[in-house]
Amino acid sequence: MSLLPIRLLGDPILREETVVVTEFGDDLRSLVDAMFETMYAASGIGLAAPQVGRRERLAVVDVEGARYALINPEIVLAEGKEKAEEACLSVPDVYGVVERATRVVVRAQDVTGAPFEVDATDLLARCFQHEIDHLHGKLFIDYLSYLKRRAALAEWEELRKQYQGTVRHLKPVTAGEDGSSTTTDD
Ligand SMILES: [Zn+2]
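What comes next is a walk through the structure. Nothing here was measured: the structure is a model prediction, and the numbers come from that model. The residue numbering used here restarts from 1 in each chain and proceeds along that chain's sequence as written. Side-chain atom pairs in this predicted model are given and counted only at pLDDT of 80 or more, local residue features only at pLDDT of at least 70, and totals for whole chains, interfaces and linings cover all residues. Hydrogens and water molecules were not included; the side-chain quantities draw on all heavy atoms of the structure.

## Remarks on the nonpolar core
Counting 23 residues, the largest nonpolar core has Val32, Met35, Leu47, Leu58, Val60 and Ile71 as its most contacted members. Helix and strand assignments come from DSSP, with helices taken as H or I runs of at least 4 residues and strands as E runs of at least 2, each series counted from the N terminus. Broken down by secondary-structure element, the contributors of at least two residues to this core are α1 (26-41), β3 (58-63) and β4 (66-79). For this core, the element with the highest residue contribution is α1, accounting for eight residues. Here, nonpolar core means buried Ala, Val, Leu, Ile, Met, Phe, Trp, Tyr and Cys residues that are tied together by side-chain atoms lying within 4.5 Å of each other. Remark: exposure states derive from per-residue accessible area (1.4 Å probe, protein chains only) relative to the maximum for the residue type, with buried under 20%, exposed over 50%, and partly exposed in between. Core analysis: the second largest hydrophobic core is formed by 15 residues, Ile45, Ala120, Ala125 and Phe128 among them.

## Structural notes on the packing of aromatic side chains
Between rings of Phe, Tyr and Trp, where Trp is taken as its six-membered ring, a pair exists when centres lie within 6.5 Å; planes separated by under 30 degrees are stacked, by over 60 edge-to-face, and by other angles tilted. Scanning all chains against the criterion turns up four aromatic pairs. Both rings, one in Phe36 and one in Tyr40, keep their centres 6.1 Å apart while their planes meet at 20 degrees; by these two values the pair is stacked. Of this pair, Phe36 and Tyr40 both sit in helix α1, four residues apart, which is roughly one turn of that helix. Judged by its relative accessible area of 34%, Tyr40 is partly exposed. Their ring planes at 15 degrees and their centres at 6.4 Å tell us that Tyr68 and Phe116 sit as a pair that is stacked. Taken together, the positions of Tyr68 in strand β4 and Phe116 in strand β8 (residues 115-121) put the pair 48 residues apart, joining distant regions of the chain. On the accessibility criterion, Tyr68 (23% relative accessible area) is partly exposed. Over the face of the ring belonging to Phe36 we find Arg67, whose NZ or CZ atom lies 3.7 Å from the ring centre. Should the NZ of a Lys or the CZ of an Arg lie within 6 Å of a ring centre and within 35 degrees of the ring normal, that charge is described as sitting over the ring. Across from the ring centre of Tyr143, 4.5 Å away, lies the NZ or CZ of Lys138, which sits over that ring.

## Section: the pairing of β8
Bridge count for strand β7 (residues 103-109) against β8 is seven bridges, and the pairing is antiparallel. The residue of β8 that forms the bridge with Ala108 is Phe116. Between β7 and β8, which follow one another and run antiparallel, lie five residues, and Gly113 among them has a positive phi close to 95 degrees. Note on pairing: two strands pair once DSSP finds at least 2 bridges between them.

## Side note on the sheet that holds strand β2 (residues 46-48)
Taken in spatial order, the five strands of this open sheet run β2-β3-β4-β7-β8, and their pairing is antiparallel. The strands lining the two open edges of the sheet, one partner per strand, are β2 and β8. The average angle at which neighbouring strand axes cross in this sheet is 40 degrees, direction not considered. Across six bridges, the pairing between β3 and β4 is antiparallel. Following the sheet pairing, Leu58 is matched in β4 by Ile71. Along the sheet face, α1 touches β2, β3 and β4 and points at about 40 degrees away from the line of β3. For helices, the fitted axis covers only the stretch in contact; all axes are lines through C-alpha atoms, and the angles between them, taken along N-to-C directions, range from 0 to 180 degrees. Any pair of residues with heavy atoms lying within 4.5 Å of one another is described as a contacting pair.

Pasting the structure below:
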């Protein structure tokens, strides 16, 4: 299986609304598998379909072994507020503090179409909110204050020069090659 190129800030698909998934077959399963593989290769904890150039309403998440494929997810309950630093695989090496709910209940479907709910707190809840935002064209930088957002975008203008266009190609993961598995980019 090959890794999917990751779309970077500036690619219009990151700002588009996704489309509800209605077919739960082998194509969907293959896409979910490729997204997990791509997310792990990028040392991320979440990846949404628009980040790999797809319009399906789905995201994958793995926060400390809590692994979910969220098809057509929606937040049905949110409570509490907490600020913490976030990053995004589509805006590599740019960080910003974002206020999020500390607990969310997400309703979604799995790859077979079966509905489920997950009650998440802390980092998992934050990751769910970040990924579900992606499915509606929203990025974490949108939450930053005007000045912080401007600084983040200026930083990105410099960083993006290392990429060709708005696509980032990953190298396959080699076991033991990289000890820095503590990054929380999503
Ligand atoms: Zn992201």
